Amino acid sequence: MASGFFALFDDIAYLMDDVAATTKIAAKKTAGILGDDLAVNANKASGYASSRELPVLWAITKGSFLNKLIILPFIFLLSYYAPFIITPLLMIGGVYLAFEGVEKIEEWIFHKNDHEEAPEKKLSEKEKIKGAIVTDFILSLEIVIVALGTVAKQPFLTQIVAVSITAVLATIGVYGIVALIVRMDDIGIYLIEKFDGFMEMVGKVLVAALPKVIKALSIIGTFAMLLVAGGIYMHNIHQIHEYFHIFPSLLGEMIVGFIIGVVAVGVMKVIHLFKK
């Protein structure tokens, strides 16, 4: 009986060592996507009144955890029983991200002064949160699938534990950093009020930098969506990869994402025109 218990503990220790090593590899492979995820979600979580920033961010974070709770068992089941469905699902998500990115660029170029000529329909806080959670779902799906692909040769139980840990750490890391970004001004004001000299200067820099950081993240987040979308198609369709590999990797993915987004926006405009 005792030997059986020791054997069980031995198996558990071996599994945990395997999981730790596998999780580290999965985290490295998804690091680039997490950078895009950070930029996109910081963009989505900004632009609210100061008193609403953390409640809104917490609502989006809860939505992100719920996304993972839906995605993880779904992807594990598909990976086990119907692995051929995962890539098409990911590509549909890529179209959505590309559509959002190109729509934002179109707004910058052609409609930046529309708010001066006519009142623009403003989305409610609830609608903005919903949109942020939908975008997070697509990015979470890619993170989970990329992590799963990294550990595909491991035993199935190791895959489940490693990918689940990666997904949870990604959510905590991304939204923790986003929370720090959107509260930069409050941290700066605290430093100004409580300290003198160097720390006070740091506080002033943080307060002054916040609007520029938010504006930069809005731009970075938009192009990050195109980058993620283009990367999905570059990595999963051999012909596209062969045609665009003449460009540097990031530029090629950006171009592919932009083309997909332009097509998606065009299709939606045609559908809207027919509905009218």
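The rules behind the values
- Residues numbered from 1 in each chain as written.
- Predicted model: local features only at pLDDT ≥ 70, side-chain atom pairs only at ≥ 80, totals over all residues.
- Heavy atoms only, no water.
- Buried < 20%, exposed > 50% of the residue type's maximum accessible area, 1.4 Å probe, protein only.
- Helix = DSSP H or I, 4+ residues; strand = E, 2+ residues; numbered from the N terminus.
- Arc of directions from axis to C-beta.
- Contact = heavy atoms within 4.5 Å.
- Axes fitted to C-alpha atoms, helices over the stretch in contact; angles between N-to-C directions.
- Parallel < 35°, antiparallel > 145°, perpendicular 65-115°, else oblique.
- Nonpolar A, V, L, I, M, F, W, Y, C, P; charged D, E, K, R; others polar.
- Expected span 1.5 Å × (residues − 1).
- Polar contact = N/O pair within 3.5 Å; in protein donor to acceptor, adjacent residues only side chain to side chain.
- Core = buried A, V, L, I, M, F, W, Y, C linked by side-chain atoms within 4.5 Å.
- Salt bridge = Lys/Arg side-chain N within 4 Å of Asp/Glu carboxyl O.

Participant: Would you explain helix 8 (residues 184-194) in this entry?
Facilitator: Side chains that are three or four residues apart share a direction in an α-helix, a result of its 3.6 residues per turn. Among all positions of helix 8, only Met-184, Asp-185, Gly-188 and Leu-191 are buried. Seen end-on, helix 8 carries its buried residues on one side only, within an arc spanning 125°. Facing away from the buried side of helix 8 by over 90 degrees, the exposed positions are Glu-193 and Lys-194. Buried residues belonging to helix 8 abut helix 7 (156-182) and helix 9 (198-236).

Participant: How should the packing of helix 4 (residues 86-110) against helix 11 (residues 249-275) be read in this particular structure?
Facilitator: Put simply, helix 4 and helix 11 touch, their axes get as near as 7 Å, and they point 80° apart. Between helix 4 and helix 11, the angle falls in the class roughly perpendicular. Each of Val-95, Ala-98, Phe-99, Val-102, Glu-103, Ile-105 and Glu-106 in helix 4 lies in contact with helix 11, whose residues at this interface are Gly-257, Phe-258, Ile-260, Gly-261, Val-262, Ala-264, Val-265, Met-268 and Lys-269. Its residues assigned to classes, the contact of helix 4 with helix 11 shows 11 nonpolar, 2 polar and 3 charged.

Participant: What is the right way to look at helix 11 in this model?
Facilitator: Over its 27 residues, helix 11 runs 39 Å from end to end, which matches the ideal 39 Å to within 8%, given 1.5 Å per residue. For helix 11, every residue scored as buried is listed here: Gly-252, Glu-253, Val-256, Gly-257, Ile-260, Gly-261, Ala-264 and Val-265. Tucked inside the fold, the buried residues of helix 11 contact helix 4, helix 9 and helix 10 (238-244).

Participant: Hey, could you run me through the side chain of Ser-64 in this one?
Facilitator: Turning to its location among the elements, Ser-64 is positioned in helix 3 (residues 50-81). Note on Ser-64: relative accessible area 0%, which makes it buried. In this structure the side chain of Ser-64 is engaged in a polar contact, spanning 3.0 Å, whose partner is the side chain of Asp-136. Ignoring sequence-local partners within four residues, the contact set of Ser-64 consists of Asp-136, Ser-140, Thr-171 and Tyr-175.

Participant: Hey, could you run me through the nonpolar core in this one?
Facilitator: Ranked by size, the top nonpolar core spans 37 residues in total, and within it Ile-75, Leu-97, Val-144, Val-163, Tyr-233 and Val-256 carry the most contacts. Ignoring anything within four residues of it in the chain, the contact list for Val-163 reads Leu-72, Phe-76, Val-144, Ala-147, Leu-148 and Val-151. Membership of the second largest hydrophobic core comes to 13 residues, among which are Ile-129, Ala-132, Tyr-175 and Ile-181.

Participant: I would appreciate a short explanation of the pattern of salt bridges in the present structure.
Facilitator: Between side chains of opposite charge, a pair can form when the charged atoms approach closely. By the definition in use, this model includes 3 salt bridges. As a salt-bridge pair, Glu-106 and Lys-269 come within 3.1 Å of each other at their nearest N and O atoms. Taken as a pair, Glu-106 in helix 4 and Lys-269 in helix 11 lie far apart in primary sequence, 163 residues in all. With relative accessibility at 19%, the residue Glu-106 sits in the buried group. For Lys-269, a relative accessible area of 46% puts it in the partly exposed group. Between Asp-186 and Arg-183 there is a salt bridge, and its shortest N-O distance comes to 2.4 Å.

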